Amino acid sequence: MGELLRRGPSSTESDKKGPLLTRSLRLGRDEVWPPVVLAPMAGITNVAFRRLCREQGGGLYVCEMVTTRALVERNPKTLRMIAFGGDERPRSLQLYGTDPAVTAAAVRMVVEEDLADHIDLNFGCPVPKVTRKGGGAALPWRRRLFARIVGAAVRAAAPAGVPVTVKMRKGIDDDHLTYVEAGLAAQEAGAALVALHGRTAAQRYSGTADWDAIGTLKQALDVPVLGNGDIWEADDALAMVAHTGVDGVVVGRGCLGRPWLFADLAAAFDGRSERRLPDLGEVARTMRRHAELLVDWFAGGDRPDTAERDGCVDFRKHVAWYLKGFPVGGELRRALAMVSGLTELDDLLGKLDPAEPFPVETLGQPRGRTNSPGKVYLPDGWLADRDSDEVPAGAEMADSGG
C-alpha cells in the first residue's frame, strides 16, 4: 500500500463521505459503537486504564489476558485482573488456553458467576514462553485442537448467551500461514467474530501490518471481522476500513500515552473531522487522572495501606509515552519516571510548561513495543502433524499476566 493510503482519508474527505460504517458491532445482547476495541495489553489494560479510555469515547474495552487454568484454580492475582468497574458494559474478558476441557471449565465459571459479558480467546500472543509450549500464535497450526478449543468455549457460553470471539495473527511465519483456515474454523465453531492482527508471530511487533491479509479474511468469512495493526491515528482506522472492508478495528499500542485517541476514533466513525491535539497542560492533567485512578484501583486490593505508592509505581511505565515528542528535560523525565506519591507527582507536573503545543511530528509514529523479527520457538515436532489434537504439555499456565 502506498503512503497516501497509509495516511488514510483526509478529514475533508471523511466529512464529504460521511461515516464509513453505519452499523454497530453486535456482541450477544450488546451493541458496540463506535466499532472500536481496546486490545488487551499485559500490565496496561487494567480497570484504571480502561476507565481513562472509556471517559474519552465508546467502544469495547478488554481486560488484560488471563489464563484459563489460573482462572479455574482461582489464582488471587488472576481474580484481581478480571475485576471490572461498576459501570463497565459490556464487560470484556480475554482468555488464553490450550486445553479444550480447561477452557470449557473457565468459560462455565465466567458464565455461572456472571464475571463477564463477552469472552475473547487469545491465539495471537507471539511471546517465546507461550509459543515454545504450543500456545498463542502457535496453536492455530494444530487445526483440530484449535477448533476443539473454540467449540468448547462456545458451547460452554451458549446457555447464557455470552458471545465468544477469537483474536489471532496471520500465522507462525510466512511459510506457515493459518489465518484464513483458522478464521473459517472459528466461524464454524460458533465464534461471534474474528479479529486479525496483520502480522505473523515471527514479525512480533516489527515491520508493517499486512492490511491486505485482513481484507482477505474479511472476504472469506460471513461473521464480522476486525482488523488490528498500525492504527496510530483515527484516520488510520478509517483507512483500514476503506482498504479491507472490516467491520471494526482493534487498537493496541496506538493509545499508549494517548487515551484521547478514543475520542478521535469516536469522531472519525461518526464522520466528524475534529481531532484532539492536547497541549502539555492537558496531557499533565490526563497523567494526574491516570495516576489517581491507579491509586484508587490498588486501594481496593489486598494492600490498601500501600495503594498510593503501588499506583504511582505502576504509573511510571506510562510517563515516556505521555511525554513522547514534548521538549521536557531529561532530569524532569527521570524524576517523573521514579514518582512514588501523588503529591510528588503534582509537584513534578507543575514544572511542565502547560502552553507547550502537542508535537505533531509524532503523529502516525509507532508507540510502545517495537522490535525485530525473530525465531518462533515451538515444541519439538510441532510443525510435523497439523491434525494432531493432543494438548501440548505444560502449555496451561498457572498464572496470568506479563
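All values derive from a computational prediction rather than experimental measurement. (Residues numbered from 1 in each chain as written. Predicted model: local features only at pLDDT ≥ 70, side-chain atom pairs only at ≥ 80, totals over all residues. Heavy atoms only, no water.)

**Observations regarding the overall build of the protein chain**
The criterion, for reference: Secondary structure elements follow DSSP: runs of H or I no shorter than four residues count as helices, runs of E no shorter than two count as strands, and numbering proceeds from the N terminus. A simple rule labels every residue: compare its accessible area, found with a 1.4 Å probe on the protein chains alone, to the largest value its type can have, and call it buried under 20%, exposed over 50%, or partly exposed in between. Contact between two residues is taken to exist if any of their heavy atoms lie within 4.5 Å; hydrogens are not considered. For every accessible area listed, the method is Shrake-Rupley and the probe measures 1.4 Å; residues are considered covered only by the protein chains on display. We count Lys and Arg on the positive side and Asp and Glu on the negative side, and we leave His and both chain ends out. Think of each charge as sitting on NZ of Lys, CZ of Arg, CG of Asp or CD of Glu.
Secondary structure assignment for the protein chain yields 17 helices and 11 strands. Projected onto its principal axes, the C-alpha positions of the protein chain cover 60 × 55 × 40 Å. A total of 402 residues make up the protein chain; the buried ones form 56% of that total. The long-range fraction of contacts in the protein chain, counting pairs at least 24 apart against all pairs at least 6 apart in sequence, stands at 74%. Carbon together with sulfur atoms contributes 49% to the accessible area of the protein chain, which is approximately 16200 Å² in total. Across the protein chain, the 51 positively charged side chains and the 55 negatively charged ones have centroids separated by 2 Å.

**Some remarks on helix α9 (residues 179-189)**
In plain terms, the rule: As used here, the arc is the angular range of directions from the helix axis to the C-beta atoms.
Along α9, the residues classified as buried are Tyr179, Ala182, Gly183 and Ala186. The arc that holds the buried residues of α9, viewed along the axis, is 100°, so those residues lie on one side. As for α9, its buried residues are in contact with α8 (143-157), β8 (164-169), β9 (194-197) and α10 (211-220). Just beyond α9, the residue with positive phi is Gly190, at close to 105°.

**Comments concerning the packing of aromatic side chains**
Put simply, the rule reads: A pair of aromatic rings is counted whenever rings of Phe, Tyr or Trp (Trp by its six-membered ring) have centres within 6.5 Å, and the orientation is called stacked for planes under 30 degrees apart, edge-to-face for over 60 and tilted otherwise. Here, over-ring charges are defined by two tests on the NZ atom of lysine or the CZ atom of arginine: distance to the ring centre within 6 Å, and angle to the ring normal within 35 degrees.
Under the counting rule described, the total for this entry stands at 7 aromatic pairs. Both rings, one in Trp33 and one in Phe269, keep their centres 6.4 Å apart while their planes meet at 75°; by these two values the pair is edge-to-face. Of the two residues, Trp33 is situated in the loop between β2 (30-32) and β3 (36-38) and Phe269 in helix α12 (residues 261-269); the sequence distance between them amounts to 236 residues. Given the relative accessible area of 29%, Trp33 is considered partly exposed. Cluster of aromatic residues (ring-pair linked, three or more members): Trp260, Phe326 and Phe358. Of note, Arg142 hangs over the ring of Trp382, and the distance from its end group to the ring centre comes to 4.1 Å. Between the NZ or CZ atom of Arg386 and the centre of the ring of Trp141, over which it lies, the distance is 4.2 Å.

**Quick notes on unusual backbone geometry**
Cis geometry marks the peptide bond from Trp33 to Pro34, where omega comes out at 0°. Examined against the element boundaries, Pro34 turns out to sit in the loop between β2 and β3. The step from Arg89 to Pro90 runs through a cis peptide bond, and the omega angle for that step is -10°. In this fold, Pro90 is placed in the loop between α5 (76-81) and β6 (92-96). You will see that Arg204, though not glycine, has its phi angle at about 55°, which is positive. Within the secondary structure, Arg204 sits in the loop between β9 and α10. Among the residues examined, Arg204 registers a relative accessible area of 27% and is labelled partly exposed.

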